[in-house]
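Single-letter residue listing:
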Amino acid sequence: MIARLSQSGEVEEAARQFEEMVRCGFKPNISCYSSVISALASLQALQDGRSIHGLVLKSGVDMNVFVGCSLIDLYCKCGSSDDGRLVFDALPHKNVVCWNSMVSGYSSNGMISEAMEVFNRMPQRNKVSWNSLIAGHIGVEDFDKAFEVFHRMILCGEQPSKSSFSSVLRACASLASLERGKYAHAKALKLGFQRDIFVDTALLDMYAKSGEITSSVRIFNRMQNKNDVVWTAMIQGLAENGFAEESLQRFEEMGNASSIAPNELIFLSVLFACSHCGLVDKGFAHFNSMERVYGIRPNQRHYTCVVDMLSRAGRLREAEEFIATMPCQPEANAWSALLSGCRTYGDEELGSRASERLAELAEAKPGAYVLLSNSYASGGRWVDAMNTRDVMSRKGIKKSGGCSWMELRNRVHLFYSQDESHDQWREMQWILQLLNTERESYL
């Protein structure tokens, strides 16, 4: 009963049955300990897990590999990787599952160097080993390294699974690395994953985030089964690539051709599209339908989209009133959107009020200073922008620098303003001077 309850996700009931079993005087066996520890790991119940660990020690089964694997998983899922490592090191005999549990545990807790150390010592690896390491690098946003591990996996003769492709395509999407994404796509086709919904969804998202929206639409159109994640990726991808009208058409198509209900992310993309198309009334209709029709309570980002939609359309007073009636604390982005609209339509009075509110918000949420500084700079208010930057400097708030990048021969080159760190910086400066000289000669 305990094993089946744990495996079927009824983890709380599994733990309760174990307590009842012990209370009735029955002695748990190895399988029972392993099952209840797995249940507690799912609940992230660290203290209860420690109690069970005590019973395991008293029973003398702590050196059992199955119980040990469950304990490692428990401690790591509860964020106590060091305790998991103590259990791991104490096991006299370790199978591949134990090694994988330790690599996965370190990876899920962001301890990548420790995960690499265990991974490199493994006497035997399988797909789970590689996938855990790839996921770990993605978890700490080291996407380049995630792709390197994927490439090593292939070179070592290990065939990637659909989980491998989903992860590495996510890394390519985050890097906007089209060439690497195409490489992973080719491997997926070669291994027969061209009709897998998880891989196809990851491919669709990767192409959309890399700006290759035509390929994204092509993959979407050939997919026979589309779930809410697929529709979300397509609608969001179109909206973020500037195809607002096409995004709204897909949303209407989803409502007409499937029984899938919209989710929060889909509505966010729809409101974004309405904002950029100037469809204020349609946007309000979708916004009002969220809770009334679909039972989805709008969050701060949805309200910010509506403010942006009104501000872009020049309905600035309505935007201010909308902010005042919001049931939640407005985001800094909401005031920034209103301030941008005031600058566009020349409403200095309302713009001044929006600046004051943004400055007030910055005292509680320092990130708002960045938006305020950017707003001043965009409006040509350089003194105010400099004063805001001085406040940011005193408070230790740093603005992430904007950058450009290009991909050449599977390497992403980043370029920041006044940055001389690139190893070919001098050659690039020489070429730029040459181009400027030729341009002046033509003029």
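The structure displayed is predicted, hence computed values, not measured ones.

Caption draft 1: Inspection of the UniProt feature "repeat: PPR" (unreviewed entry) in the chain at higher detail. Per the UniProt record, the feature "repeat: PPR" (unreviewed entry) sits at residues 1-28, 95-129 and 227-261. End-to-end, the C-alpha atoms of residues 227-261 are 10 Å apart, and along that stretch the chain is 77% helix and 0% strand.

Caption draft 2: Fine view of a nonpolar patch on the surface. A surface patch of nonpolar side chains, about 500 Å² in accessible area, is lined by Trp 430, Ile 431, Leu 432, Leu 434 and Leu 435. Of note, Leu 435 is situated in helix H25 (residues 425-442).

Caption draft 3: Seen up close, the environment of Val 96. Examined against the element boundaries, Val 96 turns out to sit in helix H7 (residues 96-108). Taking the C-alpha atoms as reference, Val 96 lies 9.9 Å from Cys 69; in sequence the two are 27 residues apart.

Caption draft 4: Focus on helix H16 (residues 244-257). Look at H16: 20 Å from first C-alpha to last across 14 residues, which is about the 20 Å you get at 1.5 Å a residue. For H16, the complete set of buried residues consists of Ala 244, Ser 247, Leu 248, Arg 250, Phe 251 and Met 254. Across the axial projection of H16, the buried residues extend over an arc of 155 degrees, all falling on one side. Of the residues in H16, the exposed ones pointing more than 90 degrees away from the buried face are Glu 245, Gln 249, Asn 256 and Ala 257.

Caption draft 5: Region of the structure containing the pattern of salt bridges. In this structure the tally under the stated criterion is 22 salt bridges. Lys 77 serves as the salt-bridge partner of Asp 73, at 3.3 Å between the closest nitrogen and oxygen. Taken as a pair, Asp 73 and Lys 77 lie in helix H5 (residues 65-77) at a separation of 4 residues, close to a single helical turn. For Lys 77, a relative accessible area of 41% puts it in the partly exposed group. By sharing partners, the salt bridges in this structure join Arg 85, Asp 89, Glu 117 and Arg 121 into a single network.

Caption draft 6: H7, seen in detail. End to end, H7 covers 18 Å across 13 residues, agreeing with the expected 18 Å (1.5 Å per residue, within 8%). Residues of H7 that are buried include every one of Cys 98, Trp 99, Asn 100, Ser 101, Met 102, Val 103, Gly 105, Tyr 106 and Ser 107, and no others. As for H7, its buried residues are in contact with H5, helix H6 (81-90), helix H8 (112-121) and helix H9 (127-139). Within two residues after H7, Gly 110 carries a phi angle of roughly 75 degrees, on the positive side.

Caption draft 7: Looking closely at unusual backbone geometry. Of note, Gln 44 is a non-glycine position whose phi angle comes to about 55 degrees, a positive value. Counting through the fold element by element, Gln 44 comes out in the loop between helix H3 (30-43) and helix H4 (46-59). Overall, Gln 44 belongs to the exposed group, its relative accessible area being 55%. Positive phi, close to 50 degrees, is recorded for Ala 176, a residue that is not glycine. The residue Ala 176 is located in the loop between helix H11 (162-175) and helix H12 (178-190) in this model.

Caption draft 8: Fine view of the side chain of Ser 269. Tracing the sequence through the fold places Ser 269 in helix H17 (residues 264-277). Ser 269 has contacts with Ile 235, Gln 236, Ala 239 and Ser 247, leaving out every residue within four places of it along the chain.

Caption draft 9: Structural detail: the packing of aromatic side chains. In this structure the tally under the stated criterion is 14 aromatic pairs. Arranged with centres 6.2 Å apart and planes meeting at 45 degrees, the rings of Phe 147 and Phe 150 form a pair that is tilted. Taken as a pair, Phe 147 and Phe 150 lie in helix H10 (residues 143-155) at a separation of 3 residues, close to a single helical turn. Here Phe 147 and Phe 150 have matching classes, each one buried. Lying over the aromatic face of Phe 88, Lys 94 brings its terminal NZ or CZ to 5.0 Å of the ring centre. In this structure, Arg 125 is placed above the aromatic ring of Phe 119, and the distance from its NZ or CZ to the ring centre is 4.2 Å.

Caption draft 10: Region of the structure containing the packing of H8 against H9. Running from N to C, H8 and H9 cross one another at 165 degrees; their axes reach a closest spacing of 10 Å. Relative to H9, the element H8 lies roughly antiparallel. In this structure, H8 crosses over H9, and the sense of that crossing is left-handed. Where H8 approaches H9, its residues Ile 112, Ala 115, Met 116 and Phe 119 are matched on the opposing element by Ser 129, Trp 130, Leu 133, Gly 136 and His 137. Looking at the contact of H8 with H9 residue by residue, the class counts come to 6 nonpolar, 3 polar and no charged.

Caption draft 11: Structural detail: the environment of His 276. Tracing the chain through its elements places His 276 in helix H17. Judged by its relative accessible area of 41%, His 276 falls in the partly exposed class.

Caption draft 12: Molecular detail of the packing of H5 against H7. Two elements in contact, H5 and H7, have axes whose closest approach is 9 Å; the angle formed by their N-to-C orientations is 5 degrees. Taken together, the axis directions place H5 and H7 in an arrangement best described as roughly parallel. On H7, the residues touching Val 65, Cys 69, Ile 72 and Cys 76 of H5 are Val 97, Cys 98, Ser 101, Met 102 and Gly 105. Residues that form the contact of H5 with H7 fall into these classes: 7 nonpolar, 2 polar and no charged.

Cut-off values and rules
- Residues numbered from 1 in each chain as written.
- Predicted model: local features only at pLDDT ≥ 70, side-chain atom pairs only at ≥ 80, totals over all residues.
- Heavy atoms only, no water.
- UniProt positions renumbered as here; feature names shortened; annotations may be inferred.
- Helix = DSSP H or I, 4+ residues; strand = E, 2+ residues; numbered from the N terminus.
- Patch = residues over 30% accessible without salt bridge, like charges linked within 9 Å, V, L, I, M, F, W, Y side chains within 5 Å.
- Areas by Shrake-Rupley, 256 points an atom, 1.4 Å probe, with all protein chains shown as cover.
- Salt bridge = Lys/Arg side-chain N within 4 Å of Asp/Glu carboxyl O.
- Expected span 1.5 Å × (residues − 1).
- Buried < 20%, exposed > 50% of the residue type's maximum accessible area, 1.4 Å probe, protein only.
- Arc of directions from axis to C-beta.
- Contact = heavy atoms within 4.5 Å.
- Phe/Tyr/Trp six-rings, centres within 6.5 Å; stacked < 30°, edge-to-face > 60°.
- Lys NZ or Arg CZ within 6 Å of the ring centre and 35° of its normal.
- Axes fitted to C-alpha atoms, helices over the stretch in contact; angles between N-to-C directions.
- Parallel < 35°, antiparallel > 145°, perpendicular 65-115°, else oblique.
- Left-handed = near helix turned anticlockwise from the far one by under 90°.
- Nonpolar A, V, L, I, M, F, W, Y, C, P; charged D, E, K, R; others polar.

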